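A structural walkthrough
What follows is the residue order along each chain.
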Amino acid sequence: QVQLVESGGGLVQPGGSLRLSCAASGSIFSINLMGWYRQAPGKQRELVAIITSDGRTNYTDSVKGRFAISRDNAKNTIYLQMNSLKPEDTAVYFCNLYAGQTYWGQGTQVTVSS
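Considering the pattern of salt bridges
Following the criterion strictly, the structure yields 5 salt bridges and no others. For Asp54, the salt bridge identified is with Arg56, shortest N-O distance 3.2 Å. One exposure class covers both Asp54 and Arg56, and it is exposed. In this structure, the salt-bridge partner of Asp89 is Arg66, at a minimum N-O distance of 2.8 Å. Of this pair, Asp89 sits in the loop between strand S8 (77-82) and strand S9 (91-98) while Arg66 is found in the loop between strand S6 (57-59) and strand S7 (67-72), placing the two residues 23 residues apart along the sequence.

Side note on unusual backbone geometry
One non-glycine residue with positive phi stands out, namely Asn76, at about 50°. In this fold, Asn76 is placed in the loop between S7 and S8. Take Asn76: its relative accessible area is 26%, and that puts it in the partly exposed class. Although it is not a glycine, Ser84 adopts a positive phi angle of roughly 50°.

Here's the deal with the side chain of Thr77
Within the secondary structure, Thr77 sits in strand S8. Side-chain polar atoms of Thr77 contact the backbone oxygen of Lys75, separated by 2.9 Å. Leaving out residues up to four positions away in the same chain, Thr77 has contacts with Cys22, Ala23, Ser70, Arg71 and Asp72.

Describing the environment of Leu47
Residue position: Leu47 is located in strand S5 (residues 46-52). Assessed through its relative accessible area of 32%, Leu47 is described here as partly exposed. Each C-alpha atom, one on Leu47 and one on Lys75, is 23 Å from the other, the two residues being 28 residues apart in sequence. With residues up to four places along the chain from it excluded, the contact list for Leu47 reads Trp36, Tyr37 and Thr60.

Rules of the game
Residues numbered from 1 in each chain as written. Predicted model: local features only at pLDDT ≥ 70, side-chain atom pairs only at ≥ 80, totals over all residues. Heavy atoms only, no water. Salt bridge = Lys/Arg side-chain N within 4 Å of Asp/Glu carboxyl O. Buried < 20%, exposed > 50% of the residue type's maximum accessible area, 1.4 Å probe, protein only. Helix = DSSP H or I, 4+ residues; strand = E, 2+ residues; numbered from the N terminus. Polar contact = N/O pair within 3.5 Å; in protein donor to acceptor, adjacent residues only side chain to side chain. Contact = heavy atoms within 4.5 Å.

Here it is as structure tokens:
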């Protein structure tokens, strides 16, 4: 019923940058929390960054200082600016929305490799 669509993934060399976007649509009455998760092959899905409706953010330790999450509430869209990318950042990145229930996007592949 609620759709989250990620975009912006791709292949980048170590030290490079990517910007992910996630647009939410559907029957959404209240968006309190959105975030990005990632899942590497053979590993559990992990939280990368979250942002509240008033702009407060939190990051997992491994991306602090390199990634920045932001949101445009009017557009129901969040972004993840990823700088100084490392091979360890390679994963499928998923957008997440909590609005009474939790919703997931389809994921976008980020590959960091030389």
